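Residue-level listing of the chains:
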Amino acid sequence: MDKNRKYKADYNEAFRDEQLKWFEERMDKLPETMQINAATFSPNLRLTVQGLMSTLRRNTPSVTFSGYMETLLQIRDQLEQQGL
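Residues numbered from 1 in each chain as written. Predicted model: local features only at pLDDT ≥ 70, side-chain atom pairs only at ≥ 80, totals over all residues. Heavy atoms only, no water.

Participant: Please explain the confidence of the model for the protein chain as it appears in this structure.
Facilitator: The predicted structure's coordinates, where accompanied by low pLDDT, should not be read in detail. Overall, the predicted model of the protein chain reaches an average pLDDT of 92, with 94% of residues at or above 70. Model confidence for the protein chain, summarised as mean pLDDT per element, is weakest for strand E1 (residues 34-37) at 94 and strongest for helix H2 (residues 45-58) at 97. (pLDDT = per-residue confidence, 0-100. Helix = DSSP H or I, 4+ residues; strand = E, 2+ residues; numbered from the N terminus.)

Structure follows, in structure tokens:
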């Protein structure tokens, strides 16, 4: 996780859409697997990202879905650290 980024329980549609666009542009470059954080491993990262994106797209931004956004941001942090 990016140590400079703090967890945000609230986010808006513009921020959500910006994150989703970032992933859409890189879906074909995602690694197959990823240890997202100490407690979360994805054996199929593309499927994980698609599921998170689908949930975030279908629902109005709220604290209820902020955990999904946080997971997506943790994945993005790791991908950027890997040079993607």
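Participant: How should I be thinking about the nonpolar core in this particular structure?
Facilitator: Looking at soluble globular proteins, one finds that nonpolar side chains tend to be buried together. Phe23, Val49, Met53, Leu72, Ile75 and Leu79 are the most contacted members of the largest nonpolar core, which totals 19 residues. Listing elements by their share of this core, those giving two or more residues are helix H1 (13-24), E1, H2 and helix H3 (66-81). (Core = buried A, V, L, I, M, F, W, Y, C linked by side-chain atoms within 4.5 Å. Buried < 20%, exposed > 50% of the residue type's maximum accessible area, 1.4 Å probe, protein only.)

Participant: Is there a simple way to think about the pattern of salt bridges in this case?
Facilitator: Any two side chains of opposite charge can pair if their charged atoms end up close together. Taken as a whole and assessed by the stated rule, the structure comprises five salt bridges. Linking Lys21 and Glu25 is a salt bridge whose minimum nitrogen-to-oxygen distance equals 3.7 Å. Note that Arg26 and Glu25 form a salt bridge whose closest N and O atoms lie 3.4 Å from each other. (Salt bridge = Lys/Arg side-chain N within 4 Å of Asp/Glu carboxyl O.)

Participant: Is there a simple way to explain the pairing of E1 in this structure?
Facilitator: A regular strand places its side chains so that they alternate between the two faces of the sheet. As defined by bridge partners, E1 adjoins strand E2 (residues 40-42) across three bridges and the pair is classed as antiparallel. Paired with Gln35 across the strands is Phe41, a residue of E2. With antiparallel pairing between neighbouring strands as the criterion, E1 and E2 make up a hairpin whose turn holds two residues. (Pairing = 2+ DSSP bridges.)

Participant: Honestly, the environment of Thr64 in this entry has me stumped. Any pointers?
Facilitator: Of note, Thr64 is situated in the loop between H2 and H3. Through-space distance from the C-alpha of Thr64 to that of Asp10 is 9.1 Å; in sequence the pair is 54 residues apart.

Participant: How should I be thinking about the packing of H2 against H3 in this particular structure?
Facilitator: The relative placement of two packed helices is expressed as an angle between their axes plus a distance between the axes. Where H2 meets H3, the axes come as close as 10 Å, and the angle between the chain directions of the two elements is 140 degrees. When the interaxial angle is binned, H2 and H3 end up oblique. Once H2 is placed against H3, the crossing between them reads as left-handed. Seen from H2, the contacting residues are Leu45, Thr48, Val49, Leu52, Met53, Thr55 and Leu56; seen from H3, they are Tyr68, Met69, Thr71, Leu72 and Ile75. For the contact of H2 with H3, the class distribution of residues is nine nonpolar, three polar and no charged. (Axes fitted to C-alpha atoms, helices over the stretch in contact; angles between N-to-C directions. Parallel < 35°, antiparallel > 145°, perpendicular 65-115°, else oblique. Left-handed = near helix turned anticlockwise from the far one by under 90°. Contact = heavy atoms within 4.5 Å. Nonpolar A, V, L, I, M, F, W, Y, C, P; charged D, E, K, R; others polar.)

Participant: Hey, could you run me through H3 in this one?
Facilitator: Residues lying three or four places apart along an α-helix face the same way, a consequence of the helix completing one turn every 3.6 residues. Here H3 is 16 residues long and its end C-alpha atoms lie 22 Å apart, about the 22 Å a rise of 1.5 Å per residue gives. Turning to H3, the residues buried within the fold contact H1, E1 and H2. Gly83 lies just past H3 and shows a positive phi near 95 degrees. (Expected span 1.5 Å × (residues − 1).)

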